[in-house]
Each structure stands twice: as structure tokens, then as C-alpha cells.
Protein chains: 2
Amino acid sequence: MQLKVKASNWSAGLPVVMLNKKTANKIGIHAKERIFLRTIKKNPREISAILDIVQKGLKENEINISLEVKKILKVRAGNKVEVNFSHPPKSLEFIKEKLNNKVLSEEKIKKIILDIVENRLSEAEIALFISAVYKNAMNLKEKISLIKAILSSGRTFSLKNKYVVDKHSIGGIPGNRTTPLVVAIRAAAGLIMPKSSSRAITSAAGTADVIETIAKVEFPMNKVKKIVQKTGACMVWGGALGMVPADSKIISVEKQLKIDSEALLLSSIMSKKLAVGSKYIIIDIPYGKNAKVSKQKALKLKRKFEELGKYFKLKLKVVLTEGHEPIGNGIGPVLELRDILDILDSDKQGPKDLEKKSLFLAGEIFELTKKARKGKGYDFAKKILDSGKAFDKFKEIIKAQEGKVIDLKVSKHKKVIYSSKKGIIKEINNKKVNSLARVAGCPIDKYSGIYLHQHVGDKINKESKLITLYAESKSRLNEAFKAYNEKDMFSIR
Amino acid sequence: MQLKVKASNWSAGLPVVMLNKKTANKIGIHAKERIFLRTIKKNPREISAILDIVQKGLKENEINISLEVKKILKVRAGNKVEVNFSHPPKSLEFIKEKLNNKVLSEEKIKKIILDIVENRLSEAEIALFISAVYKNAMNLKEKISLIKAILSSGRTFSLKNKYVVDKHSIGGIPGNRTTPLVVAIRAAAGLIMPKSSSRAITSAAGTADVIETIAKVEFPMNKVKKIVQKTGACMVWGGALGMVPADSKIISVEKQLKIDSEALLLSSIMSKKLAVGSKYIIIDIPYGKNAKVSKQKALKLKRKFEELGKYFKLKLKVVLTEGHEPIGNGIGPVLELRDILDILDSDKQGPKDLEKKSLFLAGEIFELTKKARKGKGYDFAKKILDSGKAFDKFKEIIKAQEGKVIDLKVSKHKKVIYSSKKGIIKEINNKKVNSLARVAGCPIDKYSGIYLHQHVGDKINKESKLITLYAESKSRLNEAFKAYNEKDMFSIR
């Protein structure tokens, strides 16, 4: 059936079209089913979309299309499109094979990824893929195929430099904002580090949120390349680059489902590193009671990363770090930035735990690239930090990202919370810290968050300061104060 | 944040709202994420919806809501609603427990079903539930909880009659339109049979599609009750009744994913029977090479049905029937109706296989309800059919459903296909028959389909008639002819 396109300027996040109920009945398709569209041209463009049904506003010979559809079909109001019932893509069969614990060939995995990128699989079908891979682990060959498929369905960039380095932390630890420090120190030593980071999903801030408080983080690919060519590094938001679109789509459904599978975690990280041409990579896996993984699982994950690193001919080192408490004092975009600036600025005193971890991660790459001898990486990094060169490099990168290093003020509404008893802090619950910071307004209210006055091992008295809460409004502050529970967050003995 | 509702009259099949991009950013929510809405009233109404983002047409203080949202919030244009980031429902945790092979409590299953009905779970999340139950079988207790939860989230109706009977076939066999015959025969004997049927999903026709060729099949609940009170039976489309909304939503996602799980199959059938208060039930499981299940799986399924029947205090009998070829001659809504009328009308000669199977299924219920003695049910049913009482009852039901029994013509475009060799028909592939009928236009083109001239065991010569194809247009007919392949459909030796 041929229908006329009605002007449209709405985005649904995925390809959606609207039809009058009568038209839908004629085609024999129900709301939420898949519909096939093809342009009336010599070289027709095609797409499968999801159907919404409207009761008014559309004539029987009209179709309303979302921006996602418009972009792919390259049609405008008044153009005609051929509309038909759409059969499920072949890749749905392959997903079911995986669900039934079969091993998938490179070809089949490639088809699944292609169909995800080209919107032929619905969110429910992507959810089935995620769940299939969650229940039935992928073997090494499948994971390699998955990474290759994700890479080949997106864009890569090559910097033609021997020393393209990267780091990645699997996350879960509040604070722990080592990336900006590691980037500045490594780039100050002449290494190339095109770092793309994420925004907060369930945490108080992602590196992109932190850098965004003083600079831009969303740039088109060619601009990112220029920033890296000029300064040796960048700190941008990966989502804006569109390098690995398959990964972004899978992640958006994973976010809904809140499940992580090993194969998808590994392929997500590896494909991003390979897309920017990284050769030397440090992977940081924080483990422990309040971290994402136990020590046992961290060791297992380490081996999987190493297998993949070997296959893709990378110099990849996995380090296991303790993740039993937050790192640094500030939790929240601006609060974390202040910790970083205090460390970079040799006139100031930043949190020692964050400084040490950053020097360690920077040092590891110096040893991996042979910029420093075995065992001397940490000292090499420390020298660069103390010299002020890392701070200069940081300012240079921020400037290239159209920003300026300034000392930002945090939210004016604040409340100090004191200890109710004497003792030693045995534990700080990472998840509770994250969720409290979110109640206070993070990551949207970038000036809000938590300042931690104590770390594990600290001796405290009754009435010692434990944390300070910051929020943008009185009501947010009260809500956060209500949500705070000493016993949930600290164990003091 | 408070936003003003903009008039809306679009349906998305599930609760969806639209926001301006800036407003979405302010709340910190992305397209396709879940958003929470609450009315500004003393007794506020709440709903979680999925967010779409539009670039034009909405101001920053406005929100556009789908009809599904409007219905639940009971708001209209100009009203204000409170809008907020929404956390995933607790039931998502329970789904993940099942995915990790845990046994779910009655409470948890109830919460999952409630959240499905009240649109708190997205399609991706429902897909995860389906996949969890597919991978990890539910035990008897879980299945009972699931059936109870589906029932209690919907509406039931009670007919206060001792002899409410039903039948169900798990499907997969083309033709096999026993239901209208069984309904007419049983009701003519004074049994009550409030039959709700489905429309075709992957087959050429469902019972609702067949009856719809001569009567209405969509009625509100109270009207259905009246039809049953008047005639002792009905043949309506179950989807219109909204009795088990949880089941309908699960099925709509299962249709996308094309996976069947045992627990969901059992609960879907059992909850529908219980919702109309059936006490005596015959379940027909066709098995065999071209059926949905093997004999072994059919026997396993039989036991599961019997366990559930026992728990719910039903007189339930499961019969295994051979499903290795189509039953009856017509495949397609009108073609199947003609077979039925030929059997009901004692002046005509209908297909014997369909007649026998219908008499068998009717007879089984006569024995179960003790209307006939053990072993005498078939003869009892045959007597009613031969007497013309079943035909009278059929006409009475069709009339009550605002229809009329008339002899419909099939499509005028037809093509007879002859055998290319001599031999005996050893096999007819059910799936190929279904898919060919769909190419010919079924179920949308109700006059189209296939007429089978031969069945398994028939001796044929070169140039014997095998099938006749019927289609509404020359082009459809050609397409079907092109799709036909003798070797795929028949094995002749």
C-alpha cells in the first residue's frame, strides 16, 4: 500500500511510524508490531519501524514518521512510501539459537549486530539477545566475533601514532575520578590519549559529567581528532561520537533491564578502545565487598581481558584494585572536579588516596610503553605531577575543549552530619553513597553531592564530622538528609 | 517538575509521553527511559510511561500524553501533572531472580503480573520475563501462582450453571476447525459453552477469523453473557473481552519474539478457561512430525495440564491426536467455514476427517459430564449432528452474534495444481501449507486460501489434482503459485 508522508519532527529514540486505525487494519497490523517501509525510487531506501496507531489527525492515505525513519528514508512531507507488513529478521532466529545455548558463528553474530544498528530488531528482541548472552556465556571466538561486528558496524579513527594509550575502570566506586588525572599526566609525558568517557548511569557522576562542569564534552569526530592532534589527548563524551552505535543501543536496553553480561561488558569496553586505535591499555578492576565484583570474579574477568588483548595484539594490562570504599572526598560533578584540581595544583592539598591511585595507573602505562623502567612508573608519574606539567596539560586540554579551569563553588545549601558514636570506620557502603548523592541532585544538579570527611580506618569521636551534604534547594537538602542513615552508610566499630 | 498536558489523541499500544528536548534534559531523562507522572489532586493518580522526545510542537512547560496515559490519569488538556524520573519497578528484581533460576513466591509472581497489567514494565522487561521463564521452567507451585495472578488481575464471569464446558487445541494444524462443530453439538445437547477463540497469529485462520466471515465476534462482556444465556454458547474473539489482560500483553511480546514457554502456554490456556468458569474441559494436543510438539513432549504436556486441572478442581481430560497433516479440506477463513457448513448440513457431504475429530472431541465431553456412558460419547454426538439439531443450534448462535448462515463464495482468482507423478501421499507439511495460505492472502483476504484435494494415504496419478489456490487478485495468485513447491509440501512415494 502506498501512503503519503506527513511532516514530522518527533523523535522516539527508535524508528516509529503512526497510522490511522483503519489503514493499520487494512494492512492487518496491530500497534507495536513491525512495519516495513520502502521509498518509491529507482534505488529505494528501506526500513522496518514499529507502529503506533492514532485515532485522529491522520487521513487514511497518510503516514506520520519519526525523525529516525525520516533520516534513513530521506523523505519529506508529501513524498510517497510503500508500506507493508514486515517479517521478523533472520537474526531473531540466531538470538534464539544462543538462548538455546548454541555457539554462534561469526556470520550470525555479525547479522545480529547489523540488525541492531539498522533498527531491524525491536527493544524486546534486543532484550532477548541480552538475556541469551547473560544465561549462556559466549566463548572466546564468539566474543572476538562480537567485538569485530560492533567495530565494523561503526566508525573508527586512526591517529597514526605509536603511543596511543588508554585506561578503563569497570566502575562502581564513588569518587574514583582518576581519568582526568591519568590523562593529564600521560599526555604531559608525550603519550596520546583520546579518552572517551560515559555519563553517570546509576552513579553520582561520570567523567563526562565532571569535565562538562568546566568544558564542552560533545564534539563531532573531526573536531575530537583536532583536539587530540593539538594537545595529545581529549576527555569527551563517547555517546556523541557514534563510533560504536551497536554498543550504544545494547547499553540503552541493558540500562532498562539493569543486567550486565560478561560478554557484553568485555565487548563494549574492547570495541571502544579498538575504535580509537589504542595500543597500550590499562584496565582497572576494583573488587571487594562493595564493588561491582568479588576478587574471584575480578581474577576471572582479568583473564578474559588478557585473552582478548592477546588476540587483538594489544599491550593490555589488567590491574586489580581495592574497591571497598569511595576514593577521593568529593562525590558529585563539581565536588569531584575540586578534588582533581587540588591534586593537580601543587599549591594545594588534594585527597591522597585519589592521587596515589592516579599515579599508579599512569605509572603502569609508562612501564607498558617503556617510558619508564619496570618499577619506576609511579615515580615517573609523580615527578610529572609535582613539576606542574600535568596541570599545564590539563588546562591546555580544557581550553581546546572550549572551557576554562576555574574554581567552581558548590551548592550553597549544605548540612554537616556528625558521627553518633566513637570508634573506627570499618566500612563505607559504595552503593548507599551513590544513591544518597543522587537524592541530593547528582548528576543533574552538578553543584550538589557529598563531601566525605572520613575514610575506612579513620578514628572518630562522637560528634566527628562524617559527611557534608550539598543540594541546590532546601527541599532537596531535606530529602537527602531524610534519606541518610548512618548505619546503612558507615560501619563503625 | 509540573507540566501542562497538551491535548492528545494518539495511541502507542502502551503508555508513552512526549517532551521537548530541553524539558527532558532538565529532568535528566533520555528517550525510551521511564518517566513517572502524578496528578495534582487530593487522591493523585499515578503512572509510569516511556518517554519520546520531540524537537518541535511542544513548549518547555508542556507534555503530550498517549491515550493509554490519559485513560489512567484521567486528565485533559490544560491540566497539570507532576513529572519525575522513574525508578524501575521492584518486579524487575524478581524477573532477574527467575533468570538466575530461583523459585518465585506467589507474592513476587503477583507483583510481576500486576506491573505488566499496569504498564510499569516495558516491552524489553516483559521480554526478559518471557526469556527467564523459557530458560528456567516454573514448578507446579509457580505455575499455580501465575494462573492465580493472571486471573486476579483481570475479570471473570460466572454463569451459575453446573455444566460449563470448554475445549482447547494447542494448534499448529491447518484446517482443524473443530471448535464451531464442537460448540454446536455440545450446546445442542444442553451443555453451556462460552467459547472465546483467537485470531490467526502465524496460521491461515483462527476460529474468530472463520466465524467473523458470517457474524460479529467482538462484543462487550455483558453482551457475551446475554448471548450465552440465550443460546447456551458463543464463539467470540477473546481479545475483545479483556478478561485476562496480563495474558494478552505477554502474548503480544511473545508474538514479537516468537518463543513459546511451557509455563506461559499452560497459564495462558488455564487462566482463560477459569475466567469463564469452565468446569469440564477437553484439551486436544496434536502431535507428530509436522505438529507443534512430538509425542514425547505431548505426553509431558498432558501431565502438566492434568496436575493443574487437579489443583483447580476441574474435570479436565487431555487427548493426544495425530497432527501429521491438515484436517479438513479448506485452509483459509471462508474455505474452512464451507467445510463446517457441509458437515452440519445433512444434505451435504463434508470432509470426513474433520467430522470424525469433532465428534470425538464432543463425545469426550459428553462422557466427562456423564451425558453419555463411557464409550458412547461419539455415537451420542453423531446422533445430534445427524438429527440436524447441531445445525439449528449453530444458526441460533450465529444469529445471536448478529450474523446469518449463508453460503459464501470463495475468491474468483483460482489455480488448480496437479501432481507431477504417480504414487501414494506419505506426508503433508503443515507449516508449508500455512505459509502458502498466507502468501495467498490469509487471514486478511478472507475469501482466499487453499483447497486440499488429497490427504495422507491417498493414491494419486500423474495429473491428479493436488490443491486449488484461491486469491483476491491476479498478482496474489501468481505470488502464491510461485511460492508453491510440490516437494516442500507433499512427500509422494
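### Brief notes about the overall build of chain A
Right, so step 1: Per the secondary structure count, chain A includes 19 helices and 19 strands.
Right, so step 2: For a compact globule of 493 residues, the expected C-alpha radius of gyration is about 23 Å, and chain A comes in at 25 Å, within 12% of that figure.
Right, so step 3: Across the 493 residues that make up chain A, the buried fraction comes to 55%.
Right, so step 4: Long-range pairs, those at least 24 residues apart, make up 78% of the contacts in chain A with a sequence separation of at least 6.

### Some points on the relation of the copies chain B and chain A
Right, so step 1: Placing chain B over chain A gives an RMSD of 0.2 Å and needs a rotation angle of 180 degrees, together with 0.2 Å of translation along the axis. The transformation relating the two chain copies, once decomposed into turn and shift, fits a two-fold axis. When each C-alpha of chain B is compared by its distance to the rotation axis, Ala 124 of chain B comes out closest, at 2.0 Å.
Right, so step 2: Of the interface residues in chain B, 100% have counterparts in chain A that sit at the interface too, so the contact is made through matching surfaces.

### Focus: the interface of chain B and chain A
Right, so step 1: If you look at the interface, chain B gives 36 residues, while chain A gives 37 residues.
Right, so step 2: The element best represented in the side of chain B that touches chain A is helix 5 (residues 123–135) of chain B, accounting for eight residues.
Right, so step 3: Of the residues belonging to the side of chain B that touches chain A, the class tally is 18 nonpolar, ten polar and eight charged.
Right, so step 4: With two bridges connecting them, strand 2 (residues 10–11) of chain A and strand 5 (residues 46–54) of chain B associate as antiparallel partners.

### Thoughts on the sheet that holds strand 8 (residues 165–169) of chain A
Residue and element names in this part refer to chain A.
Right, so step 1: Within the open sheet, the three strands sit side by side as 8-11-12. Their pairing is parallel. Where the open sheet ends on each side, the last strands, each with one partner, are strand 8 and strand 12 (315–322). Going across the sheet, the axis of each strand differs from the next one's by a mean of 15 degrees, ignoring polarity.
Right, so step 2: Here strand 11 (residues 280–287) runs beside strand 12; their pairing, made up of eight bridges, is parallel. Opposite Asp 284, over in strand 12, you have Val 319 as the bridge partner.

### Examining the packing of helix 11 (residues 262–275) of chain A against helix 12 (residues 295–311) of chain A
Residues and elements named next belong to chain A.
Right, so step 1: One can describe the packing of helix 11 onto helix 12 by two numbers: an axis separation of 11 Å at closest approach and a directional angle of 45 degrees. Taken together, the axes of helix 11 and helix 12 lie oblique to each other. Note that helix 11 runs across helix 12; the crossing there is right-handed. Taking contact as the criterion, the partners of Glu 262, Leu 266 and Met 270 in helix 11 are, on helix 12, Lys 304, Phe 305 and Leu 308.
Right, so step 2: Partitioning the contact of helix 11 with helix 12 into residue classes produces four nonpolar, no polar and two charged.

### So, helix 15 (residues 377–386) of chain B
Helical periodicity: at 3.6 residues per turn, an α-helix aligns residues three or four positions apart in one direction.
Residues and elements named next belong to chain B.
Right, so step 1: Of all the positions in helix 15, only Gly 377, Ala 381, Ile 384 and Leu 385 are classed as buried. Each buried residue of helix 15 lies within a common arc of 100 degrees when the element is viewed along its axis, so the set occupies one face.
Right, so step 2: On its buried face, helix 15 sits against helix 7 (179–188), helix 14 (352–368) and helix 16 (389–400).
Right, so step 3: Phi turns positive, to about 90 degrees, at Gly 388, one or two residues after helix 15.

### Observations concerning the pairing of strand 1 (residues 2–6) of chain A
On any regular strand, side chains alternate: one points to one face of the sheet, the next to the other face.
Residue and element names in this part refer to chain A.
Right, so step 1: In this structure, strand 1 lies alongside strand 7 (residues 80–85), joined through three bridges in antiparallel fashion. From the neighbouring strand, Leu 3 faces strand 7, where its bridge partner is Val 81.
Right, so step 2: Relative to strand 6 (residues 62–65), strand 1 is paired through three bridges, and the arrangement is parallel. Note that in strand 6 the partner of Lys 6 across the bridge is Asn 64.

### A few points about the sheet that holds strand 15 (residues 423–428) of chain A
Residue and element names in this part refer to chain A.
Right, so step 1: On the basis of which strands lie adjacent, the open sheet formed by three strands has the order 17-15-19 and antiparallel pairing. Each edge of the open sheet is held by one strand with a lone partner, namely strand 17 (459–460) and strand 19 (490–492).
Right, so step 2: By the bridge criterion, two bridges tie strand 15 to strand 17 in an arrangement that is antiparallel. Across the sheet, the residue bridging to Ile 424 is Lys 459, located in strand 17.

### Let's talk about the nonpolar core
Right, so step 1: If you look at the biggest cluster of nonpolar residues, it comprises 262 residues, and the most contacted ones within it are Ile 130 and Ile 185 of chain A together with Ile 130 and Ile 185 of chain B.
Right, so step 2: With near-sequence residues (within four places) excluded, Ile 130 of chain A lies in contact with Ile 250, Val 253, Glu 254, Leu 257, Ile 259, Ser 261 and Leu 264 of chain A.

### Side note on the domain arrangement of chain A
Right, so step 1: Taken domain by domain, chain A comprises domain 1 (2–85), domain 2 (91–136), domain 3 (165–240 + 276–400) and domain 4 (413–492).
Right, so step 2: Distance between the C-alpha centres of domain 1 of chain A and domain 2 of chain A: 26 Å.

### Describing helix 3 (residues 91–99) of chain A
Right, so step 1: Within helix 3 of chain A, burial applies to Ser 91, Leu 92, Phe 94, Ile 95, Lys 98 and Leu 99 of chain A. Buried residues of helix 3 of chain A, seen end-on, are gathered within an arc of 155 degrees and therefore sit on one face of the element.
Right, so step 2: Buried residues belonging to helix 3 of chain A abut helix 4 (106–117) and helix 5 (123–135) of chain A together with helix 5 of chain B.
Right, so step 3: Positive phi shows up at Asn 101 of chain A, right after helix 3 of chain A, with a value of about 65 degrees.

### Some details on the packing of helix 4 (residues 106–117) of chain B against helix 6 (residues 140–152) of chain B
The packing of two helices is summarised by the inter-axis angle and the distance between the axes.
Residue and element names in this part refer to chain B.
Right, so step 1: For the pair helix 4 and helix 6, the least separation of the axes is 9 Å and the interaxial angle reads 40 degrees. Classified by the angle their axes make, helix 4 and helix 6 are oblique. Where helix 4 crosses over helix 6, the two elements pack in a sense that is right-handed. Where helix 4 abuts helix 6, its residues Glu 106, Ile 109, Lys 110 and Ile 113 lie against Glu 142, Ser 145, Leu 146, Ala 149 and Ile 150.

### A few points about the environment of Met 138 of chain A
Residue and element names in this part refer to chain A.
Right, so step 1: If you trace the backbone, Met 138 turns up in the loop between helix 5 and helix 6 (140–152).
Right, so step 2: In this structure the C-alpha to C-alpha distance between Met 138 and Ala 263, which are 125 residues apart in sequence, comes to 6.1 Å.
Right, so step 3: When near neighbours in sequence (up to four residues on either side) are disregarded, Met 138 contacts Val 133, Lys 143, Leu 146 and Ala 263.

### Details of unusual backbone geometry
Right, so step 1: The linkage connecting Cys 442 of chain A with the following residue, Pro 443 of chain A, adopts the cis geometry, with an omega of -5 degrees.
Right, so step 2: Considering the arrangement of structural elements, one finds Pro 443 of chain A in the loop between helix 17 (430–439) and strand 16 (449–452).
Right, so step 3: Despite not being glycine, Asn 101 of chain B has its phi angle at roughly 70 degrees, a positive value.
Right, so step 4: Note on placement: Asn 101 of chain B falls in the loop between helix 3 (91–99) and helix 4.
Right, so step 5: A positive phi angle, close to 75 degrees, is found at Glu 463 of chain B, a residue other than glycine.
Right, so step 6: Relative to the helices and strands, Glu 463 of chain B is located in the loop between strand 17 (459–460) and strand 18 (465–471).

### Brief notes about the environment of Lys 431 of chain B
Right, so step 1: In this fold, Lys 431 of chain B is placed in helix 17 (residues 430–439).
Right, so step 2: Spatially, the C-alpha atoms of Lys 431 of chain B and Val 276 of chain B are 32 Å apart, while their sequence positions differ by 155 residues.

### Digging into the confidence of the model for chain A
Right, so step 1: The pLDDT averaged across chain A works out to 91; a share of 99% of its residues lies at or above 70.
Right, so step 2: Scored as a complex, the prediction yields pTM 0.82 and ipTM 0.77.

### What about the environment of Ala 372 of chain B?
All names here are of chain B.
Right, so step 1: Relative to the elements of secondary structure, Ala 372 occurs in the loop between helix 14 and helix 15.
Right, so step 2: For Ala 372, a count of 21 C-beta atoms within 10 Å gives the class buried.
Right, so step 3: Apart from the residues lying within four places of it in its own chain, the contact partners of Ala 372 are Gly 363, Phe 366, Glu 367, Gly 377 and Phe 380.

Definitions and cut-offs
- Residues numbered from 1 in each chain as written.
- Chains lettered and ligands numbered in written order.
- Predicted model: local features only at pLDDT ≥ 70, side-chain atom pairs only at ≥ 80, totals over all residues.
- Helix = DSSP H or I, 4+ residues; strand = E, 2+ residues; numbered from the N terminus.
- Rg over C-alpha atoms; globule rule 2.2 N^0.38 Å.
- Buried ≥ 20, exposed ≤ 12 C-beta atoms within 10 Å, placed from the backbone.
- Contact = placed C-beta atoms within 7 Å.
- Least-squares fit on C-alpha atoms with pLDDT ≥ 70 in both.
- Nonpolar A, V, L, I, M, F, W, Y, C, P; charged D, E, K, R; others polar.
- Pairing = 2+ DSSP bridges.
- Axes fitted to C-alpha atoms, helices over the stretch in contact; angles between N-to-C directions.
- Parallel < 35°, antiparallel > 145°, perpendicular 65-115°, else oblique.
- Left-handed = near helix turned anticlockwise from the far one by under 90°.
- Arc of directions from axis to C-beta.
- Core = buried A, V, L, I, M, F, W, Y, C linked by C-beta atoms within 7 Å.
- Domains from an automatic or database assignment.
- pLDDT = per-residue confidence, 0-100.

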